[in-house]
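# Results of the structural survey
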Amino acid sequence: MLRASAALGCVPLGVGTVPVDAVDVVARSLVELCRKPDAAGGTYHLTHPDPVPLTDVFAAMRRAGYPLDGVDAEQWWSFIDDHAADPASSPQAALRDLTRYSMITEPEYRVPRIRALGDSGILPPPPYPPGAHP
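All of these numbers come straight from a predicted model, not from anything done at the bench.

A few words on the overall build of the chain. Of the regular secondary structure elements, the chain holds six helices and four strands. When the helices and strands of the chain are read in sequence order from the N terminus, they spell out α-β-β-α-β-α-β-α-α-α. Burial analysis of the chain (134 residues in total) assigns 33% to the buried set. Carbon together with sulfur atoms contributes 59% to the accessible area of the chain, which is approximately 7900 Å² in total.

This is the structure we're talking about:
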């Protein structure tokens, strides 16, 4: 989604959140889960329990120098469809349903509560370092 938005020069407005976490946190969590005998056979979504607003992600991209206009979500999807053969947009076009689900732009797409790191007894750090929230 980020690569496609950068290539298109625009981001969808009115989007929701994305469940993410830093790779080092996920790696440490995997090690901790491997050390817990009662974790065997469980399903763990290694994301922070507090999802990051996509508007924060887009703001960080702008601070990094990407000129991004905000457009209606349906217009953004139209741009994705128009550029589906472009290597920067083709993965997004292929993952249309997954992304529409995570962007929460439509009532039928709702992200369920997932069993995140905090549910496993492993307490993740906040999604932003202190003082770094956009």
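Moving on, there is more to tell.
Counted by the stated rule, this structure contains two salt bridges. With a shortest N-O distance of 3.4 Å, Arg35 and Glu32 are connected by a salt bridge. Here Arg35 and its partner Glu32 are both found in helix H2 (residues 23–35), three residues apart, which amounts to about one turn of the helix.

Per-chain confidence: the chain averages 77 in pLDDT, with 74% of residues scoring 70 or above. No element of the chain has a lower mean pLDDT than helix H6 (residues 96–103), which averages 68, and none a higher one than strand S4 (residues 69–71), which averages 95.

Below, the discussion takes up the nonpolar core. Buried together is how nonpolar side chains tend to be arranged in soluble globular proteins. Residues Val11, Val15, Val18, Val52, Leu54, Val57, Phe58, Met61 and Leu68 constitute the largest nonpolar core, which totals nine residues. With four residues, helix H3 (residues 54–63) is the largest single contributor of residues to this core. Those residues in contact with Leu68, other than ones at most four positions away along the chain, are Ser5, Ala6, Gly9, Cys10, Val11, Phe58, Met61 and Arg62. By size, the runner-up hydrophobic cluster in this structure holds six residues, among which are Ala4, Cys10, Trp76 and Trp77.

Once that is clear, we can look at the side chain of Gln92. Within the fold, Gln92 resides in helix H5 (residues 90–94). With residues near it in sequence (within four places) discarded, Gln92 still touches Met1, Ala4, Trp76, Trp77, Ile80 and Thr99.

Where H3 is concerned, the buried positions are Leu54, Asp56, Val57, Phe58 and Met61. Positive phi appears at Gly65, one or two residues downstream of H3, with a value of about 105°.

The rules we used
Residues numbered from 1 in each chain as written. Predicted model: local features only at pLDDT ≥ 70, side-chain atom pairs only at ≥ 80, totals over all residues. Heavy atoms only, no water. Helix = DSSP H or I, 4+ residues; strand = E, 2+ residues; numbered from the N terminus. Buried < 20%, exposed > 50% of the residue type's maximum accessible area, 1.4 Å probe, protein only. Areas by Shrake-Rupley, 256 points an atom, 1.4 Å probe, with all protein chains shown as cover. Salt bridge = Lys/Arg side-chain N within 4 Å of Asp/Glu carboxyl O. pLDDT = per-residue confidence, 0-100. Core = buried A, V, L, I, M, F, W, Y, C linked by side-chain atoms within 4.5 Å. Contact = heavy atoms within 4.5 Å.

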